[in-house]
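# Results of the structural survey
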Amino acid sequence: MKKIIVVVLGLAAMLSGLWFFWPAPVVIKTPAVAPAKTAEPVQPVTGPRTAPGNAPTITVTERIPEPIAESFKLMASAYAGELEYPGYSRPLSADDSHLLNPNVYVVQPVPLEGGASAAIVLPKYRFSYPETIQVSLQISGLMAHTVSVQLQSEQDNKLLATEAMQNSAGQSAEQNWQAELSPEDDWDGPLEVSVTFSADGREQTLKTGILYSHPVATITGVGSSRGVGSDMLIPVKLNVEQAGYYRLRANLFTEQRQPLAILTGTEKLTEGDGELTLRAYKAVLRQQEGPYILSSFVLERRPAVPGELTRYGDSEQSEYPLEFFSLSQLTDEPFQVSAEERQRLQFLQQMAEQ
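Report on the accompanying structure.

Calculation rules
Residues numbered from 1 in each chain as written. Predicted model: local features only at pLDDT ≥ 70, side-chain atom pairs only at ≥ 80, totals over all residues. Heavy atoms only, no water. Pairing = 2+ DSSP bridges. Helix = DSSP H or I, 4+ residues; strand = E, 2+ residues; numbered from the N terminus. Axes fitted to C-alpha atoms, helices over the stretch in contact; angles between N-to-C directions. 1 Å grid on protein atoms, 1.4 Å probe; cavity = no way out; pocket = protein on both sides within 12 Å on 5 of 7 lines; lining within 4 Å. Points joined across faces, edges and corners; volume = space filled by probe spheres on them. Nonpolar A, V, L, I, M, F, W, Y, C, P; charged D, E, K, R; others polar.

### Re the sheet that holds strand β13 (residues 202-213)
- As summarised here, the arrangement of the five strands in space is β6-β13-β12-β8-β9, forming an open sheet in which the pairing is mixed. A single partner strand is all that each edge strand has here, and the edge strands are β6 (126-128) and β9 (159-164). Across the sheet, the mean angle from the axis of one strand to that of its neighbour is 30 degrees, orientation sign disregarded.
- Of the pairings in the sheet, the one linking strand β8 (residues 145-153) to strand β12 (residues 189-199) comprises seven bridges and is antiparallel in character. Looking at β12, one finds that Ser 148 is bridged to Thr 196.

See below:
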């Protein structure tokens, strides 16, 4: 599924450019040639004449290069697969590691001289106030000392915190330096984590980015599910600190923690207690009637004006159990794609056949 998502994410950009700039068949009309002027009188032409409107034409048809046509075939196939399910309810598998762990911090080791390497390790990418930030520096093949971590705002470069790091592995070839940063009220938005260390008479610095925010809304619970058409509706209860348009993404699992679907819902919410409904399309439930588990929440307040940052919410619990749900409440009607989606698919298929 990850490959499909990557392919389809580039779809809009490629379609817009190709749709606008794709050349139409070129029609070249043969121009009339004026007779050369001489001093002698021009003799009358006795043969048949061709009317200008009947001038011969040459039609040039350009074909898509084979590699591009093959790319269109792949995109058409991927897009057709995407249209089997509504955007608010997509199937999820054990191979979708990024979707299963949407807040994972991806460790990126940095190669150093002499075959050594160093990497900043964090427990996750997004933090909510008042969480502390645990920072680790893992070094291999190098003896480091005087290690410290600094935290600063990416918006105004303000230094927010600095802390000396302690080595928990001793003087071995594999070192693990650690520190814990306690939050302040002004920690908000994208932050930069910098770790500086000395080794072999040189000072080196590694940097990475995280997001830290004061929650704009908090998930407080989940209500009873009900069936409407071919969808199971899951009401998610929230306490909203800042009104606005919210998007919630969550993963649905079986009671045995087998992944079923990634669900997405959007709603305009006012301050106070509110509710945002997630919908699970019948086909993604795979004949599983529950009980279910809802977890892996990503709650976002969308920007209202250009330049405004996306703000994040949190959840009182990392997961919520859902009661048994009978699939007999749902109909078997197939998902209907929009006319616009159907046109996109037809366009891709036509390009693949050129």
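### Observations concerning the sheet that holds strand β5 (residues 117-121)
- Here we have five strands laid out as an open sheet, ordered β4-β5-β7-β11-β10, and antiparallel in their pairing. The strands lining the two open edges of the sheet, one partner per strand, are β4 (110-111) and β10 (166-167).
- As judged from the two bridges shared by β4 and β5, these two strands associate in the antiparallel manner. Paired with Pro 111 across the bridge in β5 is Ser 117.

### A short note on the layout of surface pockets
- Each pocket or cavity is described by its volume, and for the second largest pocket that value is around 490 Å³.
- Asn 103, Lys 124, Phe 297, Asp 314 and Ser 315 are, among the 21 residues lining the second largest pocket, the residues nearest its centre.
- Sorting the residues of the lining of the second largest pocket by element identifies β6, β13, β20 (292-301) and β22 (314-315) as the ones contributing at least two each.
- Of the residues in the lining of the second largest pocket, the class split is nine nonpolar, eight polar and four charged.

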